[in-house]
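Topology and contacts: notes
For reference, the chains in residue letters:
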Amino acid sequence: IKNLPDFIYKTLDKYDDNKELTWHDNGIPEDEIWIKLGGDHGGGTFKLMLQVGNVKHPNSKFNTFLIAIVNTKDSADNLKKIIRDPFKKQIDELQQAEWKGKKIRVFLFGDYDFLLKMFGISGAQSTHPCLWCKATSQQLQHPRQVQTNCPRTVANIKRDYGKYQRHGKQKKKAKMCNNVTSRPILNIPLVQVTPPYLHILLGVTKKHHVLLEESCHSLDLNIAQELAKETSTGTDNSMSPQFRDYVAELQKKEQLEWDQILLQGNAFFTQAESDFPEEEIDELLDSVWDLQDRIDEIDENNRLPYLSGPVGAYLETILNRNKIEVQAYHSRSFIGNHCHQYMKPAVYEDICGSVLGKTMEVTDNHNLHREAEDIQVKFLQLNALYSTVHRLISHAKPLPSADEDQEGEIQAAIDRYMAFFRQAFPTTRVLPKQHILECHCVDFMRQWRFGLGLLGEQGGEECHAVVNAIKRRCLGMKQEVAQLMFIIKEQTTMSSPELRATFLNEQQRSKNK
């Protein structure tokens, strides 16, 4: 799309002609048009996308327009090459423009990595990892109420970049410049950058489940120690081969330790007899050391593979039963729909409840039952608290009037979740995404009076599947540019308001017949 303002004006005209424009029950001021600009990498291509917030379903794939597509990664250098003049000037122009007397307001969406690169922040693992404030990674570990964070703005980001330049652009000096290592690519105010709630959900859900898996693995190790005392249990075919082998090695170690104790006793009493040959005493002591070497070898080599124990492995079964799949090749994360599913009370209760149920099935040890129950109760409460937060902020509906102070209720729910997280997992670091949830999501909602779904990135994520489907139709084209032009034209045609309106009218006529 070479002339972005012209494309937007024409698109708005078409929406207006089809009577598709809406102000969401006065959630959007009647004298404003909200435009969403975003980017994301997926399926081998980087896509720059546009959505109009003033339609009924702005995140629908039919309301998402590709304005640029490139076969490249979304590195900071690549973004600077893709988003350059005259496109940058057109975005600045849009922020001052009007359409039919209505002010155009531009919002930016995308995953957190993309947003950081757009504003020149070095990364989520840096000393100052937040896009919206200058909090250090250490300050993130403390509750919101005791943090004294200085907000970032486009202006002070530019000043920090000037300071970074004066330091000779040395990476080791980046933390002295609030980790600003590049000039902002666009001049969109940070208050109009949407917190990436879909990716916050992905990160938090994964964090919860990883902590649950670690707790279950630790429980499995304790179960193995208990079962090693029962010689018949090691051959239980209901457990994984890896777990049975691990228990068998523990049993072997326990037998060696008993043999060692007996030999040590014999050696002690033999040494007490003055007429006993020294050669036989030395042989007994050598045997004791040989047994110790074999015990040390078992300690060194006997490892229970992660999630191969009865409780940890059963988690996968419960996830599958609830139609949730771990992405094995993506750091064992979940997709968005599966995170929504995970946070349903019936689902997380099933997942957490499996811990105690499976433990009681494999052992009668009451101490292990109590450990399993503690894990179950902790994660039930953790997920229940976050599920409440998710329900309150993930929607795309307008908030009630400021007088009702729903934002105060939302912030209180977030504070309860974060307080419990810190109390239950005192050695676990708070993620930057959890900090954004705790300190910045409610501010955004308070200013724009909507749930995070309306202006969020989920529509951009759906665009990848659309592009991949179109891409399969043009694999016979030899030239890369021809393929990309075909994709962008086809996707724009599919999202065309007038063609979609014609298609819907034909569908309605067919139903009436």
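These notes cover the structure that comes with them. Keep in mind it's a predicted model, so treat the numbers as computed, not measured. Throughout, a residue's number is its position along its own chain's written sequence, starting from 1. Residues qualify for local features only when their pLDDT is at least 70, as the model is predicted, and side-chain atom pairs are given and counted only at 80 or more; totals for whole chains, interfaces and linings, by contrast, use all residues. The side-chain values count all of the structure's non-hydrogen atoms but skip hydrogen atoms and water molecules.

1. Quick look at helix 5 (residues 154-166)
Numbering of helices and strands runs from the N terminus; a helix is a DSSP stretch of H or I covering at least four residues, while a strand is a stretch of E covering at least two. By this rule, a helix spans an expected 1.5 Å times one less than how many residues it contains. Taking 1.5 Å per residue as the helical rise, helix 5 with its 13 residues ought to reach 18 Å, and the 19 Å between its terminal C-alpha atoms agrees with that figure. Three exposure classes are used, based on accessible area relative to the maximum for each residue type with a 1.4 Å probe and protein chains only: buried under 20%, partly exposed in between, and exposed over 50%. For helix 5, the set of buried residues is V154, N156, I157, D160, Y161, G162 and Y164. Positive phi shows up at G168, right after helix 5, with a value of about 75°.

2. Re the nonpolar core
Among buried residues, those of type Ala, Val, Leu, Ile, Met, Phe, Trp, Tyr and Cys that are joined through side-chain atoms within 4.5 Å constitute a nonpolar core. Of all hydrophobic cores here, the largest spans 124 residues; its most connected members are L131, Y386, Y417 and L437. Counting residues per element, this core draws most heavily on helix 6 (residues 197-227), which supplies 12 residues. We call two residues in contact when some of their heavy atoms are within 4.5 Å. Apart from the residues lying within four places of it in its own chain, the contact partners of Y386 are Y197, I200, L201, V204, H208, M343, Y417 and L437. Counting residues in hydrophobic clusters, the runner-up holds 12 residues, among them L66, V467, C474 and I488.

3. Thoughts on the environment of P305
Relative to the helices and strands, P305 is located in the loop between helix 8 (278-301) and helix 9 (310-321). For P305, a relative accessible area of 35% gives the class partly exposed. In this structure the C-alpha to C-alpha distance between P305 and E438, which are 133 residues apart in sequence, comes to 35 Å. Not counting residues within four places of it along the chain, the set of residues in contact with P305 comprises H217 and Q242.

4. Details of the pattern of salt bridges
One side-chain nitrogen of Lys or Arg within 4 Å of one carboxyl oxygen of Asp or Glu is enough to make a salt bridge. Per the counting criterion, the structure on display carries 20 salt bridges. For the salt bridge of R144 with D415, the shortest nitrogen-to-oxygen distance reads 2.5 Å. One end of the pair, R144, is in the loop between helix 4 (112-118) and helix 5; the other, D415, is in helix 13 (residues 406-424), and 271 residues separate them in sequence. Accessibility expressed as a relative area gives 15% for D415, which makes it buried. Here the salt bridges share partners, and the residues they tie into one network are E407, D443, R446 and R449.

5. A look at the packing of aromatic side chains
Here is the rule: rings of Phe, Tyr and Trp (six-membered ring for Trp) pair when centre to centre is within 6.5 Å. Planes less than 30 degrees apart are stacked, more than 60 are edge-to-face, and the remainder are tilted. Overall, the coordinates contain 12 aromatic pairs when judged by the stated rule. Ring centres 5.5 Å apart and planes at 80° place the aromatic pair F7 and F65 in the edge-to-face group. Taken together, the residues span a long stretch of sequence, with F7 in helix 1 (residues 4-17) and F65 in strand 3 (residues 64-70) at a distance of 58 residues. F65 sits in the buried class, given a relative accessible area of 2%. Arranged with centres 5.5 Å apart and planes meeting at 55°, the rings of F379 and F425 form a pair that is tilted. One end of the pair, F379, is in helix 12 (residues 366-393); the other, F425, is in the loop between helix 13 and helix 14 (432-439), and 46 residues separate them in sequence. A single burial state applies to F379 and to F425, both of which are buried. Members of the aromatic cluster, joined through ring pairs, are F379, Y386, Y417, F421 and F425.

6. Overview of a negative patch on the surface
On the surface, a cluster of negative charge is contributed by E278, E279, E280, D282, E283, D286, D290, D293, D296, E297 and E300. With respect to the secondary-structure elements, D293 resides in helix 8. A relative accessible area of 47% places D293 in the partly exposed class. Patches draw on residues past 30% relative accessible area with no salt bridge. Two like charges within 9 Å are joined, as are two nonpolar side chains (Val, Leu, Ile, Met, Phe, Trp, Tyr) within 5 Å. In short, Shrake-Rupley with a 1.4 Å probe defines the accessible areas, and a residue's cover is counted only from the protein chains shown. Positive residues here are Lys and Arg, negative ones are Asp and Glu, while His and the chain termini are left out of the count. Every charge is mapped onto a representative atom, which is NZ of Lys, CZ of Arg, CG of Asp or CD of Glu.

7. Some details on unusual backbone geometry
Here the bond from D85 into P86 is cis, since omega is 10°, no more than 30 degrees from zero. In this fold, P86 is placed in the loop between helix 2 (76-82) and helix 3 (87-95). A positive phi angle, close to 60°, is found at N179, a residue other than glycine. The exposure class assigned to N179 is buried, which follows from its relative accessible area of 5%.

8. A short note on the sheet that holds strand 1 (residues 32-42)
Two strands form a pair only when DSSP identifies at least two bridges running between them. The mixed open sheet is built from five strands, whose spatial order is 3-2-1-5-4. Each edge of the open sheet is held by one strand with a lone partner, namely strand 3 and strand 4 (98-99). Of the pairings in the sheet, the one linking strand 1 to strand 5 (residues 102-110) comprises eight bridges and is parallel in character. Bridging across to strand 5, W34 finds its partner in R105. Orientation is described by lines fitted to C-alpha atoms, with helices fitted over the stretch in contact, and by angles between N-to-C directions that extend from 0 to 180 degrees. This element, helix 16 (residues 458-473), spans strand 1, strand 2 (45-52), strand 3 and strand 5 of the sheet and lies at about 120° to strand 2.

In short, shape yes, function no, at least from these values alone.
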